[in-house]
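Coordinate analysis (summary)
Spelled out, the chains give:
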Amino acid sequence: MIKLPVISGAECVKVLKQIGFAVDRQRGSHMILVREEPRTTISVPNHQELDRGTLRAIIRQVGLSVDEFIELL
């Protein structure tokens, strides 16, 4: 398994936009992204560095593997 890189919330959002997500709203430091097909809502903290566990959970929720996510970076 490839080790997860340390990325910011903004970099994570850029990757998620490539697979069909769009920023719906923001409350505080959390951005809420939605995708229509299949209907998915995800929350991404807008922090300078995402914890690896948080990033891994986001990747799992959107249905990607770590390798696929890293290729999109």
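This write-up is about the structure you can find in this document. Each chain has its residues counted from 1, running along the sequence as written. Local features in this predicted model are restricted to residues whose pLDDT is 70 or higher, and side-chain atom pairs enter the listing and the counts only when it is 80 or higher, whereas totals over whole chains, interfaces and linings include all residues. The basis for every side-chain value is the complete set of heavy atoms in the structure, and neither hydrogens nor water enter the calculation.

Section: the overall build of the protein chain
Quick note on the threshold: Strands here mean DSSP runs of E at least two residues long; helices mean DSSP runs of H or I at least four residues long; both are numbered from the N terminus. Here the radius of gyration uses the C-alpha set of atoms, whereas the globule reference equals 2.2 Å times the residue count to the power 0.38. Type-normalised accessible area, obtained with a 1.4 Å probe on protein chains alone, sets the label of each residue: buried when under 20%, exposed when over 50%, and partly exposed for intermediate values. Lys and Arg are tallied as positive, Asp and Glu as negative. Neither His nor the chain termini are counted. Charge positions are represented by NZ for Lys, CZ for Arg, CG for Asp and CD for Glu.
Of regular secondary structure, the protein chain possesses three helices and three strands. In the protein chain, the succession of helices and strands from N to C terminus is α-β-β-β-α-α. Over its C-alpha trace the protein chain gives a radius of gyration of 11 Å, about what one expects of a compact globule, namely 11 Å for 73 residues. C-alpha atoms of the protein chain, sized along the principal axes, occupy 30 × 25 × 15 Å. By residue count, 36% of the 73 residues in the protein chain fall in the buried class. Positive and negative charge centroids in the protein chain, built from 10 and 9 side chains respectively, lie 5 Å apart.

Structural notes on unusual backbone geometry
Along the chain, Glu37 connects to Pro38 via a cis peptide bond; the corresponding omega equals -10°. In this fold, Pro38 is placed in the loop between strand E2 (30-35) and strand E3 (40-45).

Observations concerning the side chain of Thr40
Quick reminder of the rule: Any pair of N or O atoms that falls within 3.5 Å is considered a polar contact. Within protein, one atom must be able to donate a hydrogen and the other to accept it, and sequence-neighbouring residues count only if both atoms are side-chain atoms.
Topologically, Thr40 is positioned in strand E3. We classify Thr40 as buried; its relative accessible area is 15%. Looking at Thr40, its side chain comes within polar contact range of the main-chain oxygen of Pro38, at 2.9 Å.

Purely geometric numbers; function is a separate question.
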